[in-house]
Amino acid sequence: MEFRLLGTVSVDTRTGPLPLGPAKRRSLLAALLLSANTPVPVARLTDSLWGEEPPPRARGVIQGHVSRLRALLTGAEAQAYGVELVTLGDAYVLRVPETLLDYQRFEELLMLARQQRSAADTVRMLDDALSLWQGPALGGTFTEGPLQAAAHTLEESRLATVEELARAYADLGEHHRAASVLRAEAVAHPMRESLAAALILALYRAGRQSEALDWFHRTRRLLADELGIDPGHELADAYALILRGGPRPGAAPAGGTDAAGASRAGTGPAEGAGTTAPPGPRVPAAHNPSVAPHPTDLLPRAPRGFHGRNAELAALTRAAAGEAPVCLVTGPAGVGKTSLALQWAHHNPGAFPDGRLFADLRGFSETGEPALIDVLREFLLALGVAPRRVPESVSAAAALFRSLTDRRRLLVVLDNARDSATVRALLPGGTDCVTLVTSRNRLEGLIASDAARPVPLGILEPQDGTALLAGVLGEERILAEPVAARRLAELCGGLPLALRVTAARLAGRPQWTLAGLADELADERGRLTFLDVDDTGVSAALRLTVQQLPADAVRQLARLGHHPGGHFDPYTCAALAGTDPAAAAAALERLGSAHLVTETAPGRWVLHDLVRLYARGLDPASGAEALVDVLDHYIATALAAADTAEPGGEPCFVLPEGYRPAAVRDFADRAAAMHWLATERDDLARAAVAARGAGLHDRAWRIILLQWPQVVWRVRDSWAPLLELALDSARAKQDLYAESRVLNLLGWVLTEEGRTAEALTLLERSPGLAQQAGDRLGEATALINLAVVQAGQGELDRALEGCGRAVVLAREEEDRHTEMLALQHLARLQLSAHRPGDALGSARTALALGPEHEEAARRSLLLAVSGEARLALGEEDEGILLLDRAAEEAERAGYDEGAVRALEALLRVSARAEYRTRHALALRRLTDGG
């Protein structure tokens, strides 16, 4: 058995490859193999399969794929090879010997190759390593997010190995073979300068000087055309070596001391000439002699170490097309707005033959904004106006500026604008002029008045973040610790300013490891301190933004720093700040305009991690109060959601001591309530963890238990770890009522997960606890859940007795909801005991108790029991009709588990193609949905 990631993800066995099925399942397998023998949380698997927008049923889909993979591995006798896919709480782990993983064998061969003393042995080892590759890494998977990053890392390792192989060939003097292995990769990766430099030296040493020079000039033009940059030191040094006629065969390998020596030695005599040749073309594009000089150019120099942003650069180019366009680059502090604007401006020098103007409006500076008349005076002087002819008033100077630019093709860059009014006074008058504005604010007034075209700038993707680090630290240092480099990019939140500060710290301390700094940054308490250096840093940039905010927005931001969840809405914000939802929404809009919060969906906002840490420091003393307020808000909202989703259900508990409710949203119907419970599940879990950490156990178990409608609806969706947390909190408070209620729900979840022995241990204690607490309905629920487990253990008589007792308790308490639940399970048990008549009677009684709007899952299950009872009584037509109704109700409600169960019962007595089709569709939705 062999697991392949270096190519299309596959599992090879003695009888051929396993039929893995759809891309989602291959993606799941890839994610597990990349962390082989390590638990992989469901949350990380969700990111790997769907990225930022998982479907509501993501956990159920993952469980379905895990089941299919487990079955495939079992069928292939995987256990004989030491392979096992197991569940560990809220995570899965694929146990597999490393010898069965192709990427582990690849890494082992690389390590062995580097230990060889003979270049010939090194070549053999590297050839064997590269032969394991059957195509692009992680082929056939959902290559977004974590998997995309993993594929990129594996590809980087492969390319580095190709370069090592070429150096080994060079050590053997086989320069033609070195050039051969490098050329294919250089064609496929034309922007990788290290490959091009190695190929150029290999060609030169092979006696193919003209090819080497041609390849250099081809790469130089490509870098200038695509990125607007000059060749880096490796390419320039290789070019200089060729020009001065450096050593050929027998010299050091490609990319070795020759190139470095060229850099140190400066220039020397070229072949056949007595003159001195330059080390390579170092003339910036803006000053290339082939481009006519600008009459005026106030642009600062082009940014160094610029990486990524191809989509935004293209968006700027599109926005600049049209009549007198105003392009508006907006984003949070430190995201790289100025760098993007200057990169684009320097990349298109020929587009603005009449000049390029630049002004830093210092809208977010402690030194204050420059006077408009001073900015206009600088522009007018640059355009050739004599100093004595510059008007003294802003309006007159702006009019003269518009007049002078009326028939020109000019670029005006207005950096760090605070508001729209400042920008309007500086807009040129020509229809062929382009104005490029950067701001931390959205400047929606400028969009409304001057049709400004926004180009929002977000954080860098992890691969671009690591490339930025490599631009400062060197690619070798990044390749030496690729995992730590990616972790640093993630801890910096993809913020270029934070990444540059991090790179500056590392560049000045070559003895530091990337992993060591990543460990320092992982501690949230000191992260912002590490991301400040001299007078530059994240805190300083954020402070200048916050200084521009009104007091209510600053208070809202400070309280948001203590929010335990990842997302928030105006109701959550109102609870945190002690205001109302309308005031909170207004504050969020103000914060959003300043790019301190981001709206990910209508009414749903997030904080960048570094902004959250800064916000928390604005008012650290309010943390405990803010946490209690938001916990009580979640309790109130979850109560409203549970009441709407299950209107017949009883209140779960009395409210906690000191409960402080805020405004609570209204849920229009069950679908809206269930949607809220599903979308807020992760934040509710974070809130419960924060509550337990703060010793607020009475809030922790309530927040978890109030999610019971969602637990019932998606019972196999990995709820056990969260419920175990609730159980710990209930026991910490010595609350018998709470402990019994949590045991009920947890026991039932464990039963559905097939963990029957654990469930039985918990559920046997629950009825007695409920009795001691005086909770008769809780006792009834406990007896129902215990009966289900007892029936599974073959103790049908005890199960029937317990379920019957639950019916009596519910009737005595006059609770139809619990009575209906007890009758549903009693009917199922009676059917198992071959008493179809009794089962039919119990199901009828239950259906009569519930109104038409009763929860669809329960109605579907009762109709299915009735149908199966009819079939057992020999009434086939009536049975099929009831089972069909059960399936239809489940399908309409999206209750796929119920639809599958009813349709499976139908297929046992009917061969209709319609049922087979519906069953296949329901099963597919259950396992492959989203």
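Computed from a prediction, not measured in an experiment: that's the story for all the values here. (Residues numbered from 1 in each chain as written. Predicted model: local features only at pLDDT ≥ 70, side-chain atom pairs only at ≥ 80, totals over all residues. Heavy atoms only, no water.)

## Considerations on the overall build of the chain
Across its full length, the chain carries 45 helices and 16 strands. Projected onto its principal axes, the C-alpha positions of the chain cover 110 × 75 × 50 Å. Per-residue burial for the chain yields a buried fraction of 53% across its 930 residues. Summarising the internal contacts of the chain: among those between residues at least 6 apart in sequence, 68% fall at separations of at least 24. A total accessible area of about 39,500 Å² is found for the chain, and carbon and sulfur atoms account for 51% of it. Distance between charge centres in the chain, computed from 98 positive and 119 negative side chains, equals 3 Å. (Helix = DSSP H or I, 4+ residues; strand = E, 2+ residues; numbered from the N terminus. Buried < 20%, exposed > 50% of the residue type's maximum accessible area, 1.4 Å probe, protein only. Contact = heavy atoms within 4.5 Å. Areas by Shrake-Rupley, 256 points an atom, 1.4 Å probe, with all protein chains shown as cover. Lys, Arg positive; Asp, Glu negative; His and termini not counted. Charge placed at Lys NZ, Arg CZ, Asp CG, Glu CD.)

## A look at the sheet that holds strand 6 (residues 91-95)
The antiparallel open sheet is built from three strands, whose spatial order is 4-6-5. Lying at the two open borders of the sheet, with one neighbouring strand each, are strand 4 (40-41) and strand 5 (84-88). In this structure, strand 5 lies alongside strand 6, joined through five bridges in antiparallel fashion. Along strand 6, the bridge assignment pairs Thr87 with Tyr92. Helix 1 (residues 23-34) contacts strand 4, strand 5 and strand 6 of the sheet and is inclined by roughly 70 degrees relative to strand 6. (Pairing = 2+ DSSP bridges. Axes fitted to C-alpha atoms, helices over the stretch in contact; angles between N-to-C directions.)

## Focus on the sheet that holds strand 15 (residues 597-601)
Spatial strand order, 14-16-15: three strands in an open sheet with antiparallel pairing. Because the sheet does not close on itself, it has two edges, and the strands there are strand 14 (567-568) and strand 15. Of the strand pairs in this sheet, strand 15 and strand 16 (residues 604-607) are connected by four bridges, and their pairing is antiparallel. Along strand 16, the bridge assignment pairs Val597 with Leu607.

## Here's the deal with unusual backbone geometry
One non-glycine residue, Asn37, adopts positive backbone phi at about 70 degrees. Within the chain, Ala451 stands out as a residue other than glycine whose phi angle is a positive 50 degrees. Structurally, Ala451 can be placed in the loop between helix 17 (444-450) and strand 11 (453-456). By relative accessible area, Ala451 is classed as exposed at 54%.

## Focus on the nonpolar core
Ranked by internal contacts, the top residues of the largest apolar core, which has 138 residues, are Trp344, Leu436, Leu560 and Leu596. With twelve residues, helix 29 (residues 623-645) is the single largest residue contributor to this core. If sequence neighbours within four positions are ignored, Leu436 has contacts with Leu316, Cys327, Val329, Ala341, Trp344, Leu411, Val412, Val413 and Leu414. One finds Leu45, Leu101, Ala150 and Trp215 within the second-largest nonpolar core, a separate group that totals 81 residues. (Core = buried A, V, L, I, M, F, W, Y, C linked by side-chain atoms within 4.5 Å.)

## Re the side chain of Thr438
Relative to the helices and strands, Thr438 is located in strand 10 (residues 434-439). With relative accessibility at 1%, the residue Thr438 sits in the buried group. Engagement of the side chain of Thr438 in a polar contact is seen with the side chain of Asp415, the distance being 2.4 Å. Separated by 2.9 Å, the side chain of Thr438 and the backbone nitrogen of Asn416 make a polar contact. Sequence-distant contacts of Thr438, that is, excluding residues within four places in its chain, are made with Val329, Lys337, Thr338, Ala341, Leu414, Asp415, Asn416 and Ala417. (Polar contact = N/O pair within 3.5 Å; in protein donor to acceptor, adjacent residues only side chain to side chain.)

## Details of a negative patch on the surface
On the surface, Asp47, Glu52, Glu53 and Glu461 cluster together to form a negatively charged patch. Among the secondary structure elements, Glu52 is positioned in the loop between helix 2 (42-50) and helix 3 (58-75). Note on Glu52: relative accessible area 81%, which makes it exposed. (Patch = residues over 30% accessible without salt bridge, like charges linked within 9 Å, V, L, I, M, F, W, Y side chains within 5 Å. Salt bridge = Lys/Arg side-chain N within 4 Å of Asp/Glu carboxyl O.)

## Considering the pattern of salt bridges
Pairs may arise between side chains of opposite charge once their charged atoms sit close together. Throughout the structure, instances matching the rule amount to 56 salt bridges. When the shortest N-O distance is used, the salt bridge between Arg158 and Glu185 registers 2.8 Å. Of this pair, Arg158 sits in helix 6 (residues 145-171) while Glu185 is found in helix 7 (residues 175-188), placing the two residues 27 residues apart along the sequence. Neither residue differs from the other here; Arg158 and Glu185 are each classed as buried. Put simply, Asp884, Glu891, Arg912, Glu914 and Arg918 are held in one network by salt bridges that share partners.

## Overview of the packing of aromatic side chains
How two aromatic rings sit relative to each other is set out by the distance from centre to centre and by the angle between their planes. Within this structure, the stated rule accounts for four aromatic pairs. When the ring of Phe106 is compared with that of Trp133, the centres are 5.7 Å apart and the planes differ by 80 degrees; the resulting orientation is edge-to-face. Of this pair, Phe106 sits in helix 4 (residues 102-114) while Trp133 sits in the loop between helix 5 (119-131) and helix 6; the two residues are 27 residues apart in sequence, bridging distant segments of the chain. Since its relative accessible area comes to 0%, Phe106 is described here as buried. Relative to Phe401, the ring of Phe379 lies with its centre 5.5 Å away and its plane at 35 degrees, an arrangement referred to as tilted. (Phe/Tyr/Trp six-rings, centres within 6.5 Å; stacked < 30°, edge-to-face > 60°.)

## Description of helix 4
With 13 residues, helix 4 extends 19 Å from end C-alpha to end C-alpha; this agrees with the ideal 18 Å at 1.5 Å per step. Of all the positions in helix 4, only Asp102, Tyr103, Phe106, Leu109, Leu110 and Ala113 are classed as buried. The buried residues of helix 4 occupy an angular sector of 115 degrees when projected down its axis, which confines them to one face. As for helix 4, its buried residues are in contact with strand 1 (2-4), helix 1, helix 5 and helix 6. (Expected span 1.5 Å × (residues − 1). Arc of directions from axis to C-beta.)

## Observations concerning helix 15 (residues 394-404)
In an α-helix, one turn spans 3.6 residues, which is why side chains three or four residues apart end up on the same side. Among the residues making up helix 15, those that are buried are Ala397, Ala398 and Phe401. One side of helix 15 holds all its buried residues, which, seen down the axis, span an arc of 100 degrees. Facing away from the buried side of helix 15, by more than 90 degrees, are the exposed residues Ser395 and Ser403. On the buried face of helix 15, the contacting elements are strand 8 (356-360), helix 14 (372-382) and strand 9 (411-415).

## Quick word on the packing of helix 31 (residues 681-693) against helix 32 (residues 697-705)
For the pair helix 31 and helix 32, interaxial distance at closest approach is 7 Å and the crossing angle is 160 degrees. In terms of orientation, helix 31 and helix 32 fall into the roughly antiparallel class. When you trace helix 31 past helix 32, the crossing you get is left-handed. Note on element contacts: helix 32 touches helix 31 through His697, Arg699, Ala700, Ile703 and Ile704, opposite Leu684, Ala687, Ala688, Ala691 and Arg692. Residue classes in the contact of helix 31 with helix 32 are distributed as seven nonpolar, one polar and two charged. (Parallel < 35°, antiparallel > 145°, perpendicular 65-115°, else oblique. Left-handed = near helix turned anticlockwise from the far one by under 90°. Nonpolar A, V, L, I, M, F, W, Y, C, P; charged D, E, K, R; others polar.)

## Observations regarding the environment of His176
Assignment of secondary structure puts His176 in helix 7. When the C-alpha positions of His176 and Ala166 are compared, they lie 9.7 Å apart, and in sequence the two are ten residues distant. Ignoring any residue separated from it by four or fewer positions in sequence, one finds His176 in contact with Ala206 and Arg208.

## A short note on the pairing of strand 6
Look at any regular strand and the pattern is simple: side chains alternate between the two faces of the sheet. Among the five residues in strand 6, four count as buried, and that is most of the element. By the bridge criterion, two bridges tie strand 4 to strand 6 in an arrangement that is antiparallel. Paired with Val40 across the two strands is Tyr92, which belongs to strand 6. Turn length for the strand 5-strand 6 hairpin, with the two strands adjacent in sequence and antiparallel, is two residues, and the turn residue Gly89 shows positive phi of about 60 degrees.

## A look at the environment of Leu528
Following the sequence through the fold, Leu528 ends up in helix 23 (residues 524-530). You can call Leu528 buried: its relative accessible area is 14%. Along the backbone, Leu528 and Tyr614 are 86 residues apart, and their C-alpha atoms lie at a distance of 7.4 Å. Apart from residues lying up to four places away in sequence, Leu528 is in contact with Val538, Ser539, Leu610, Leu613 and Tyr614.

## Focus: the confidence of the model for the chain
Residues at a pLDDT of 70 or more form 91% of the chain, whose mean pLDDT is 83. Here residues 249-294 is a poorly scored stretch, pLDDT under 50, and it has 82 contacts once near neighbours within four places are set aside; other chains count. (pLDDT = per-residue confidence, 0-100.)

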